[in-house]
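# Working through the structure, step by step
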Amino acid sequence: MRCKILLALFVCVALLNPLASWAQSSSVISGKVTDEAGEPLPGANVSIQLTNLGAATDINGEFHFTVPASALRGQEVAIMARFIGYRTKTEKIILTSQETTVDFALRIDVLDMDAIIVTGVVEATPRTKMAFSIGRVSAAALEQVTVSSMETALRGKVAGVKVVQGSGRPGSDASILLRGATSINSQGRSQDPLYIVDGVII
């Protein structure tokens, strides 16, 4: 009877030992992402470069994620913090089994060169690596003139965009041509671009 009890205890210890070893060997990386004024940036993306390990910051700008023991070799890695409208910042750390704290203070990107664009053709891509141009019109620019429609408000504000006034009949809208005649439908009856507002095609 005593031998059976000892055998059961030995099996339990053998099964629990790898779990305890993994818990001690894994690494937790945590920290906070703020702007230059110290205000938290919720929703910022923090990750280890060239891996899928990372997390997004919470409402307080804080983040934490776990690096499994299998990925720990005492190597130096780069932790990258990204947030739209701010310059990407990278810090280098050594991956160990101990908890590591990394804080980021991001600077505003005045030229918006580090913006991340979601196109629907490929995954999120930095603006500087796009194969085509991206135009942006601020709300302040649209409010500078009084217009009858959103289409005419874009006239002269985006390079390569041609706005053609409608016929003047009630209900007729202006037409928009993007760098020449193109069509998004199979029939080619319309040369207007595709409008997506808050994820809804209109």
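A brief report on the enclosed structure follows. Here the structure is a predicted model, which is why all the values come from computation and not from measurement. Residue indices begin from 1 for each chain and proceed along its sequence in written order. The model is predicted, so local features are restricted to residues of pLDDT at least 70 and side-chain atom pairs to those at 80 or more, both for listing and for counting; the totals for chains, interfaces and linings are taken over all residues. For side-chain calculations, the full set of non-hydrogen atoms in the structure is used, while hydrogens and water are omitted.

### Looking at a nonpolar patch on the surface
Patch construction takes residues with relative accessible area above 30% that form no salt bridge. Like charges are linked within 9 Å, and nonpolar side chains (Val, Leu, Ile, Met, Phe, Trp, Tyr) are linked within 5 Å. Surface accessibility in these figures is a Shrake-Rupley result with a 1.4 Å probe; residues are shielded only by whichever protein chains are displayed. Criterion for a salt bridge: a side-chain nitrogen of Lys or Arg within 4 Å of a carboxyl oxygen of Asp or Glu. A cluster of nonpolar side chains, Leu194, Ile196 and Ile201, forms an exposed patch at the surface whose accessible area comes to about 310 Å². Following the sequence through the fold, Ile196 ends up in strand E13 (residues 196–197). Secondary structure is summarised from DSSP: a helix means a run of H or I of at least four residues, a strand means a run of E of at least two, and numbering begins at the N terminus for each.

### Topic: the sheet that holds strand E3 (residues 54–56)
DSSP calls a pair of strands paired once it identifies at least 2 bridges connecting them. Spatially, four strands are ordered E3-E2-E5-E6 in an open sheet, and the strand pairing comes out antiparallel. Each end of this open sheet is capped by a strand with a single partner; those strands are E3 and strand E6 (89–94). Across the sheet, the mean angle separating the axes of adjacent strands is 15 degrees when strand polarity is ignored. In the sheet, strand E2 (residues 45–48) pairs with E3 via three bridges, with the strands oriented antiparallel. If you follow Val46 over to E3, its bridge partner there is Ala55. Axis lines are fitted through C-alpha atoms, for helices just across the contact stretch, and the angle between N-to-C directions can take any value from 0 to 180 degrees.

### A closer look at the pattern of salt bridges
This model, assessed by the stated rule, comprises two salt bridges. Taking the shortest distance from any N to any O, the salt bridge between Arg87 and Asp109 comes out at 3.6 Å. Pair noted here: Arg87 is in the loop between strand E5 (76–82) and E6 and Asp109 is in the loop between strand E8 (104–106) and strand E9 (116–117), with a separation of 22 residues, a long-range link. Between Lys89 and Glu91 there is a salt bridge whose closest N-O contact spans 4.0 Å. Using a relative accessible area of 30% as the deciding quantity, one classes Lys89 as partly exposed. When accessible area is computed with a 1.4 Å probe and restricted to protein chains, residues below 20% of their type maximum are described as buried, those above 50% as exposed, and intermediate ones as partly exposed.

### Side note on the environment of Val67
As for its position among the elements, Val67 is in strand E4 (residues 62–67). Accessibility expressed as a relative area gives 0% for Val67, which makes it buried. Spatially, the C-alpha atoms of Val67 and Val28 are 6.2 Å apart, while their sequence positions differ by 39 residues. In this view, Val67 contacts Ser26, Ser27, Ile29, Ile48, Leu53, Leu72 and Leu95; residues no more than four positions away in its chain are not counted. Whether two residues are in contact is decided by their heavy atoms, any of which lying within 4.5 Å being enough.

### Focus: the packing of aromatic side chains
Pairing of aromatic rings covers Phe, Tyr and Trp, the last through its six-membered ring, and needs centres within 6.5 Å; plane angles under 30 degrees mean stacked, over 60 mean edge-to-face, and all others mean tilted. Taken as a whole, this structure holds three aromatic pairs when the rule is applied. A ring pair is formed by Phe83 and Tyr86, whose centres lie 5.6 Å apart and whose planes are at 55 degrees; its orientation type is tilted. Joined through ring pairs, the aromatic side chains of Phe63, Phe65 and Phe104 make up one cluster.

None of this, on its own, says anything about what the molecule does.
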